[in-house]
Amino acid sequence: MNPVYAKARFITSVPDPALLPTDTGREVAFVGRSNAGKSSTINALCSQKNLARTSKTPGRTQQINVFELGEGRHLVDLPGYGYAKAPEAERRRWGRFIEAYLTTRRSLQGLVIVMDIRHPLRDHDCQMLDWCQARGLDAHILLNKADKLKRGAQSNTLLAVRRAIKEAGWPATAQTFSAHKREGIDQAHARLDGWLGYDVEEAAASN
């Protein structure tokens, strides 16, 4: 684990991609259906309880939240999608600026898609993966809330998701994860390290 994630700090929250910090350096974005546990996932990965605000009310994250890791590296928390009770105008607005962010942000290195392992690859999840494919952007799926299933069911779901990824040709990888039990942290960190360039720095330091 790279300890830099524990040093993550909130720097800004914006309603539009045009208001984000300068489009330089490296960043990784997190997205997922409302109530998939996206904010809890970010907190678990950064070993902080309240870095990303969590809520039992789906659809609470309505802006783009940016967290700084230092040295031009950022984690970005995108609004959740698929919350049926949100006003239609709000859902359209969220969709527009998520799409604008994904298609125009040059510093974006990869997308973490958080899914409830009990309900993976819903329509909006697949749309996100289609966008990644169209842009040539790598994605990593965290099948969160794995603690809600027995090990056998976890493995079966992971295999099914990986099979779907291969069949669709999505540029994605997948793993099981539990923000609540802090399971899968190291594997997720390894993916983030690659996107953010920490693996390159570690290799250089060891030579």
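Everything below is about the structure shown above.
Residues numbered from 1 in each chain as written. Predicted model: local features only at pLDDT ≥ 70, side-chain atom pairs only at ≥ 80, totals over all residues. Heavy atoms only, no water.

K.L.:
Please give an account of helix 1 (residues 38-45) that cites residues and values.
P.N.:
Among the 8 residues of helix 1, 7 are classified as buried, and the element is accordingly described as predominantly covered. Every buried residue of helix 1 is accounted for by Lys38, Ser39, Thr41, Ile42, Asn43, Ala44 and Leu45. Buried residues along helix 1 sit in contact with strand 2 (26-32), strand 3 (64-70), strand 4 (73-77), strand 5 (108-116), strand 6 (138-144) and helix 5 (185-196). One or two residues past the end of helix 1 sits Ser47, with phi positive at roughly 55°. (Buried < 20%, exposed > 50% of the residue type's maximum accessible area, 1.4 Å probe, protein only. Helix = DSSP H or I, 4+ residues; strand = E, 2+ residues; numbered from the N terminus. Contact = heavy atoms within 4.5 Å.)

K.L.:
Describe the pattern of salt bridges, listing the residues and the values that go with them.
P.N.:
Considering all chains together, one arrives at 8 salt bridges under this definition. In this structure, the salt-bridge partner of Glu71 is Arg73, at a minimum N-O distance of 2.9 Å. Asp116 is paired through a salt bridge with Lys145; the nearest N and O atoms lie 4.0 Å apart. Of this pair, Asp116 sits in strand 5 while Lys145 sits in the loop between strand 6 and helix 4 (151-168), placing them 29 residues apart in sequence. As far as the burial class goes, Asp116 and Lys145 line up, both buried. What emerges from the salt-bridge pattern is a single network uniting Asp23, Glu27 and Arg105. (Salt bridge = Lys/Arg side-chain N within 4 Å of Asp/Glu carboxyl O.)

K.L.:
So what about empty space enclosed by the protein? Which residues, and what values?
P.N.:
Evaluated as defined, the whole model comprises 1 cavity of 30 Å³ or more. Each pocket or cavity is described by its volume, and for the largest cavity that value is around 40 Å³. Contributing to the lining of the largest cavity are Leu102, Thr103, Met128, Trp131, Cys132, Arg135 and Leu137. Elements represented by at least two residues in the lining of the largest cavity include exactly helix 2 (88-104) and helix 3 (123-135). Looking at which element gives the most residues to the lining of the largest cavity, the answer is helix 3, with 4 residues. The residue inventory of the lining of the largest cavity, partitioned by class, reads 5 nonpolar, 1 polar and 1 charged. (1 Å grid on protein atoms, 1.4 Å probe; cavity = no way out; pocket = protein on both sides within 12 Å on 5 of 7 lines; lining within 4 Å. Points joined across faces, edges and corners; volume = space filled by probe spheres on them. Nonpolar A, V, L, I, M, F, W, Y, C, P; charged D, E, K, R; others polar.)

K.L.:
Break down the environment of Pro79 for me, citing the residues and quoting the values.
P.N.:
By secondary structure assignment, the location of Pro79 is in the loop between strand 4 and helix 2. Between the C-alpha atom of Pro79 and that of Lys38, which follows or precedes it by 41 residues, the distance is 9.4 Å.

K.L.:
Explain the pairing of strand 3 residue by residue, including any values.
P.N.:
Burial of strand 3 is extensive: 5 of the 7 residues sit out of reach of the surface. Relative to strand 3, strand 1 (residues 9-14) is paired through 5 bridges, and the arrangement is antiparallel. Following the sheet pairing, Val14 is matched in strand 3 by Ile64. Two elements, strand 3 and strand 4, share 5 bridges in a ladder whose sense is antiparallel. Opposite Asn65, over in strand 4, you have Asp77 as the bridge partner. The hairpin turn running from strand 3 into strand 4, its antiparallel successor, is 2 residues long, and Glu71 in that turn takes a positive phi close to 55°. (Pairing = 2+ DSSP bridges.)

K.L.:
Account for helix 5, with residues named and values stated.
P.N.:
In this model helix 5 runs 16 Å from its N-terminal to its C-terminal C-alpha over 12 residues, within 8% of the 16 Å that 1.5 Å per residue would give. Considered for burial, the residues of helix 5 that qualify are Ile185, Ala188, His189, Leu192, Asp193, Trp195 and Leu196. Projected down its long axis, helix 5 shows its buried positions confined to an angular sector of 165°, all on one face. (Expected span 1.5 Å × (residues − 1). Arc of directions from axis to C-beta.)

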